[in-house]
Amino acid sequence: MKTVLQSRLGKSLLLLMTVSGVMLFTNPKKDTYIDYAATRLTSEIQNSICQGPKLPQGLLWEEVGKITTTTCKSGLSTGLALQSSSIKEFIADSTEQQNFFIFSTYTTKVSQYNFKTIGAFGNFLTFQK
């Protein structure tokens, strides 16, 4: 009984060490977070500004709404792409990172909003706005 328990404990410890090692090497850097946040912010801006207009019902009006939204997003995307370095600099200045070695948390303050994100396994999850 004691050897079975020791064997399971040894396997569990090995698994824990392996997962921790993988997490340590895949903990995203702040530069990677800044790229993620800039993309996410750009998308949020496009979605909030380029909402389709409220038009009457009908196939023609639906197509007009789609064209308007697509044109807005395309034009805004071009403008935001030209300002990419400024957006990234703004995010870098507005972000605080807490590195816990196997994962990191990022808090980005934009106006009256606080965006909290966790980075682990090379990915990000924004969990509070």
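Residues numbered from 1 in each chain as written. Predicted model: local features only at pLDDT ≥ 70, side-chain atom pairs only at ≥ 80, totals over all residues. Heavy atoms only, no water.

A.B. asks: Can you help me understand helix α2 (residues 30–49) in this one?
C.D. replies: In an α-helix, one full turn covers 3.6 residues, which means residues spaced three or four apart are oriented alike. Taking 1.5 Å as the rise per residue, α2 with 20 residues should run 28 Å; its terminal C-alpha atoms sit 28 Å apart, in good agreement. Within the span of α2, buried status applies to Tyr33, Ile34, Ala37, Ala38, Thr42 and Gln46. (Helix = DSSP H or I, 4+ residues; strand = E, 2+ residues; numbered from the N terminus. Expected span 1.5 Å × (residues − 1). Buried < 20%, exposed > 50% of the residue type's maximum accessible area, 1.4 Å probe, protein only.)

A.B. asks: How do you make sense of the layout of surface pockets when you look at a structure like this?
C.D. replies: Taking a probe equal in size to a water molecule and rolling it over the atoms shows the remaining empty space. A volume near 250 Å³ is recorded for the largest pocket. Taken together, 14 residues make up the lining of the largest pocket; nearest its centre are Ala37, Arg40, Leu41, Glu44 and Phe115. Among the secondary structure elements, those contributing two or more residues to the lining of the largest pocket are α2, β2 (104–110) and β3 (113–120). Counting residues per element, the lining of the largest pocket draws most heavily on α2, which supplies seven residues. (1 Å grid on protein atoms, 1.4 Å probe; cavity = no way out; pocket = protein on both sides within 12 Å on 5 of 7 lines; lining within 4 Å. Points joined across faces, edges and corners; volume = space filled by probe spheres on them.)

A.B. asks: I'm lost on the pairing of β2 in this one. Help?
C.D. replies: Of all seven residues in β2, five are buried, a share of seventy percent or more. In this antiparallel pair of consecutive strands, strand β1 (residues 95–99) and β2, the connection spans four residues, and Phe101 shows a positive phi of 70°. Bridging between β2 and β3 involves seven bridges; their strand directions are antiparallel. Residue pairing in the sheet places Val110 in a bridge with Tyr113 of β3. (Pairing = 2+ DSSP bridges.)

A.B. asks: What is the right way to read the packing of aromatic side chains from this model?
C.D. replies: Here a ring pair, both rings aromatic, is described through the centre-centre distance and the interplanar angle of the planes. Throughout the structure, instances matching the rule amount to seven aromatic pairs. On the basis of an interplanar angle of 45° and a centroid distance of 6.1 Å, the ring pair of Tyr33 and Tyr36 is categorised as tilted. Remark: Tyr36 and Tyr33 occur in helix α2; sequence separation between them is three residues, near one turn of the helix. By relative accessible area, Tyr33 is classed as buried at 2%. Here the aromatic cluster, defined as three or more aromatic residues joined through ring pairs, consists of Tyr33, Tyr36, Tyr106 and Phe124. (Phe/Tyr/Trp six-rings, centres within 6.5 Å; stacked < 30°, edge-to-face > 60°.)

A.B. asks: Would you take a moment to explain the nonpolar core for this structure?
C.D. replies: In summary, soluble globular proteins display a tendency toward joint burial of nonpolar side chains. Tyr33, Ile34, Ala37, Ala38, Leu80, Ile87, Ile91, Tyr106 and Phe124 together form the largest nonpolar core, which totals nine residues. Among the elements that make up this core, the one with the highest residue count is α2 (four residues). When near neighbours in sequence (up to four residues on either side) are disregarded, Tyr33 contacts Ile91, Thr95, Tyr106, Thr108, Thr117 and Phe124. (Core = buried A, V, L, I, M, F, W, Y, C linked by side-chain atoms within 4.5 Å. Contact = heavy atoms within 4.5 Å.)

A.B. asks: When you look at unusual backbone geometry in this model, what are you seeing that I'm missing?
C.D. replies: Trans is the common state for peptide bonds, and a negative phi is the common state for residues other than glycine. With phi around 70°, Phe101 is a residue other than glycine that occupies positive phi space. Examined against the element boundaries, Phe101 turns out to sit in the loop between β1 and β2. Look at Phe101 and you get exposed, because its relative accessible area is 59%. A positive phi angle is found at Ser111, which is not glycine, with a value near 55°. Along the chain, the position of Ser111 falls in the loop between β2 and β3. With relative accessibility at 66%, the residue Ser111 sits in the exposed group.

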